[in-house]
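The lines below spell out each chain.
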Amino acid sequence: MHATTSRRARRTIAAVTGSAVLALLATACTGTNSAGGNDDSASGKDVTITFWHGWSQDSETKAINDNIAAFEKAHPNIHVKAVGNIADDKTNQALRAGGDDAPDVVSSFTTNNVGTFCSSNVFADLNPLLKKDGIDAAKTFPAAMLNYTQFKGNQCSLPLLGDVFGLYYNKKAFAAAGITAPPKTFSEFADAAAKLTVADGDGFKQLGFMPNYHGYESTTEHFLGQFGPSYFGSDGKSSIATDPKVAEMLTWQKGLVDKLGGFDKLEKYRASFGDEFSAKNPFHTGQVAMAIDGEWRTASLATDKPDFEWATAPFPVPDAEISTYGRGYQTGTIIGIAKNSKKQAAAWELVKYLTTNTDAVVSFANAIHNVPSTFEALNSPKLDADANFKTFLDIAKNPNSGTTPASVNGGAYIVSLQNLGYDYESGKQTDLAAGLAATAKEIDAAVNQAK
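What counts as what
Residues numbered from 1 in each chain as written. Predicted model: local features only at pLDDT ≥ 70, side-chain atom pairs only at ≥ 80, totals over all residues. Heavy atoms only, no water. Helix = DSSP H or I, 4+ residues; strand = E, 2+ residues; numbered from the N terminus. Rg over C-alpha atoms; globule rule 2.2 N^0.38 Å. Buried < 20%, exposed > 50% of the residue type's maximum accessible area, 1.4 Å probe, protein only. Contact = heavy atoms within 4.5 Å. Areas by Shrake-Rupley, 256 points an atom, 1.4 Å probe, with all protein chains shown as cover. Pairing = 2+ DSSP bridges. Right-handed = clockwise from strand over helix to strand, strands pointing away. Arc of directions from axis to C-beta. Axes fitted to C-alpha atoms, helices over the stretch in contact; angles between N-to-C directions. Nonpolar A, V, L, I, M, F, W, Y, C, P; charged D, E, K, R; others polar. Expected span 1.5 Å × (residues − 1). Polar contact = N/O pair within 3.5 Å; in protein donor to acceptor, adjacent residues only side chain to side chain. Disulfide = S-S within 2.5 Å. Salt bridge = Lys/Arg side-chain N within 4 Å of Asp/Glu carboxyl O. Phe/Tyr/Trp six-rings, centres within 6.5 Å; stacked < 30°, edge-to-face > 60°. Core = buried A, V, L, I, M, F, W, Y, C linked by side-chain atoms within 4.5 Å. 1 Å grid on protein atoms, 1.4 Å probe; cavity = no way out; pocket = protein on both sides within 12 Å on 5 of 7 lines; lining within 4 Å. Points joined across faces, edges and corners; volume = space filled by probe spheres on them.

(A) Representation of the overall build of the chain in the model. Looking only at helices and strands, the chain features 20 helices and nine strands. A compact globule built from 451 residues would reach a C-alpha radius of gyration of about 22 Å, and the chain, at 22 Å, matches this within 12%. Taking the principal axes of its C-alpha atoms as reference, the chain extends roughly 75 × 45 × 35 Å. A total of 451 residues make up the chain; the buried ones form 58% of that total. Put simply, of all contacts in the chain between residues at least 6 apart along the chain, 76% involve residues at least 24 apart. Summed over all atoms, the accessible surface of the chain reaches about 17900 Å², with 51% contributed by carbon and sulfur.

(B) Up close: the pairing of strand β2 (residues 78-83). As paired strands, strand β1 (residues 47-52) and β2 are joined by six bridges and run parallel to one another. Across the sheet, the residue bridging to Phe 51 is Ala 82, located in β2. For the crossover that starts at β1, traverses helix α2 (residues 58-74) and ends in the parallel β2, the hand is right-handed.

(C) Fine view of helix α12 (residues 263-270). Here α12 has its buried residues at Phe 263, Leu 266, Glu 267 and Tyr 269. With its buried residues spanning 160° around the axis, α12 presents them on a single face. In α12, those exposed residues whose orientation departs by more than 90 degrees from the buried face are Asp 264 and Lys 268. Looking at the packing, one finds that the buried side of α12 touches β6 (203-206), α11 (244-259) and α19 (412-426).

(D) View of the packing of helix α15 (residues 344-356) against helix α16 (residues 358-368). For the pair α15 and α16, the least separation of the axes is 5 Å and the interaxial angle reads 65°. Here Tyr 353, Leu 354, Thr 355 and Thr 356 of α15 come into contact with α16, specifically with Thr 358, Ala 360 and Val 361. Looking at the contact of α15 with α16 residue by residue, the classes come out as four nonpolar, three polar and no charged.

(E) Focus on helix α20 (residues 432-450). Between the first and last C-alpha of α20 there are 27 Å, a value that for 19 residues agrees with the 27 Å anticipated at 1.5 Å per step. Measuring from the side-chain oxygen of the N-cap residue of α20 to the backbone nitrogen of Ala 433 gives 3.4 Å; that N-cap residue is Asp 431.

(F) Region of interest: the environment of Ser 323. With respect to the element layout, Ser 323 can be found in the loop between β8 (310-313) and β9 (330-337). For the pair formed by Ser 323 and Asn 400, sequence separation is 77 residues and the distance between their alpha carbons is 9.6 Å.

(G) Main features of the state of the cysteines. Evaluated as defined, the whole model comprises one disulfide. Put simply, Cys 118 and Cys 156 are joined by a disulfide, and their sulfur atoms are 2.1 Å apart. Judged by the torsion about the S-S bond (-85°), the Cys 118/Cys 156 disulfide is left-handed. In this pair, Cys 118 sits in helix α4 (residues 114-119) while Cys 156 sits in the loop between α7 (143-147) and β4 (158-170), placing the two residues 38 residues apart along the sequence. The same class applies to Cys 118 as to Cys 156, namely buried.

(H) Quick peek at the pattern of salt bridges. All told, the structure shown has twelve salt bridges when counted by the stated rule. Residue Glu 309 is joined to Lys 171 by a salt bridge in which the shortest nitrogen-to-oxygen separation is 3.5 Å. One end of the pair, Glu 309, is in the loop between α14 (297-304) and β8; the other, Lys 171, is in helix α8 (residues 171-177), with 138 residues separating them in the sequence. For Glu 309, a relative accessible area of 55% puts it in the exposed group. We classify Lys 171 as partly exposed; its relative accessible area is 36%. Residues Lys 382 and Asp 359 are paired through a salt bridge, measuring 3.1 Å at the closest nitrogen-oxygen approach. Taken together, the residues span a long stretch of sequence, with Lys 382 in the loop between α17 (375-378) and α18 (387-397) and Asp 359 in helix α16 at a distance of 23 residues.

(I) Fine view of the packing of aromatic side chains. Counted under the stated rule, the structure contains 27 aromatic pairs. For the pair Phe 232 and Tyr 413, a centre-to-centre distance of 4.9 Å together with 70° between the ring planes defines the contact as edge-to-face. One end of the pair, Phe 232, is in the loop between α10 (220-224) and α11; the other, Tyr 413, is in helix α19, and 181 residues separate them in sequence. For Phe 232, a relative accessible area of 18% translates into the label buried. Given the relative accessible area of 4%, Tyr 413 is considered buried. Ring geometry for Phe 283 and Phe 308: centres 5.6 Å apart, planes at 90°, overall edge-to-face.

(J) Geometry of the environment of Thr 91. Positionally, Thr 91 belongs in helix α3 (residues 88-97). Judged by its relative accessible area of 2%, Thr 91 is buried. Here the alpha-carbon distance between Thr 91 and Pro 103, two residues twelve residues apart in the chain, equals 8.0 Å.

(K) Spotlight on the nonpolar core. Counting 122 residues, the largest nonpolar core has Phe 51, Phe 209, Leu 250, Met 290, Phe 315, Trp 348 and Val 371 as its most contacted members. Ranked by residue count, the leading element in this core is β4, at eight residues. Not counting chain neighbours up to four residues away, the residues in contact with Leu 250 comprise Tyr 213, Leu 420, Gly 421, Tyr 424, Leu 432 and Leu 436.

(L) Representation of empty space enclosed by the protein within the structure. Across all of its chains, the model carries two cavities of 30 Å³ or more by this definition. What the largest cavity holds in volume is close to 140 Å³. Considering the residues around the largest cavity, the lining is formed by 15 residues, among which Gly 215, Tyr 216, Pro 282, Ala 291 and Ile 292 are closest to the centre. With four residues, strand β7 (residues 290-294) is the single largest residue contributor to the lining of the largest cavity. When grouped by side-chain class, the residues that make up the lining of the largest cavity number ten nonpolar, three polar and two charged. For the second largest cavity, the calculated volume is near 50 Å³.

Structure (structure tokens):
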């Protein structure tokens, strides 16, 4: 199993459960320390800070420990106690409780929780520290990554590597179907998916693409990344019922489901798929000829060596938005400083090093096959980037790329929209406008309750 697979699995689960786990943070008791509080580290006195993170596999922990060792060499008076394999729920309990056993620095795989971290003040606002050290965040980090690390102007976290989504395609299957280049628009994509689909009785010998929302990474938010929706209006209320891009995406996806055989037939075929994070992944086995997936899949395919040539490209965009081709959905790991930490100056030095030191970012990205999270690292000659991985670097740099915005109650609104997607693709909900209006109302009620 590749180093990032367990990380992805945990993030997928956390995206669904994160809101419930973090609900108690809304009533958390938080300290009043301002970010950058004096802990004597600047005077050269020894300081030990605790860093909690979620990485657990040997290659992952070695990579983060190597960066910590380099940091300690550059800051001989700051010592870092790293604790790995920490889930968000344990972190949240410690941040609420505070005290000597609580971490000073925390990383999380779940960007959906940033809004809760920021609004409940368990993470310190890093804006004063960025300003003090002359770091222009907008010029340092890609816009989408900067977006998912802040909430309403509170930059309570920073990006620490990213995940970027694009198109994987089977070159052997493309050649057999007479397709000479990856599709750029949704019309081209639908035609390619149909040409690549090979029927086998009432099932498939090969499916061009699995559009169903349970098809691993084919989620509502990943598809919507190709449209650039607003999700929330300037008044803070859900805009999914009024932003035409949301209805457009749901209609496009439902049309593709129908074109490729219908929901029931596709679900029956999907039941034959192996585990997403193994060599039995349906793209690896040739069961699907195209897939939407993240950059980590390049390493998995290089390890598993399927019996066909494959390549990557940006995922297609709506026909009317061809000028935005090259965009994609982004998410990633975030890192922040505990608001209650009494060692925030030293904690900031670690966070700043891990997130803005180009060599540190590049070495970590190379080790765990994720996308670097600064412009300088994305352009570094030290970055391991073959043509297939470069696709994701270019998507990360594309100004049209986007993410899902932070919300006070975490990813609950994403779950609500995903549930509507399930109902609409299956035919349970036939009135899309009514479904969107009801879902928007549900999202607004949940947000208001969390305030």
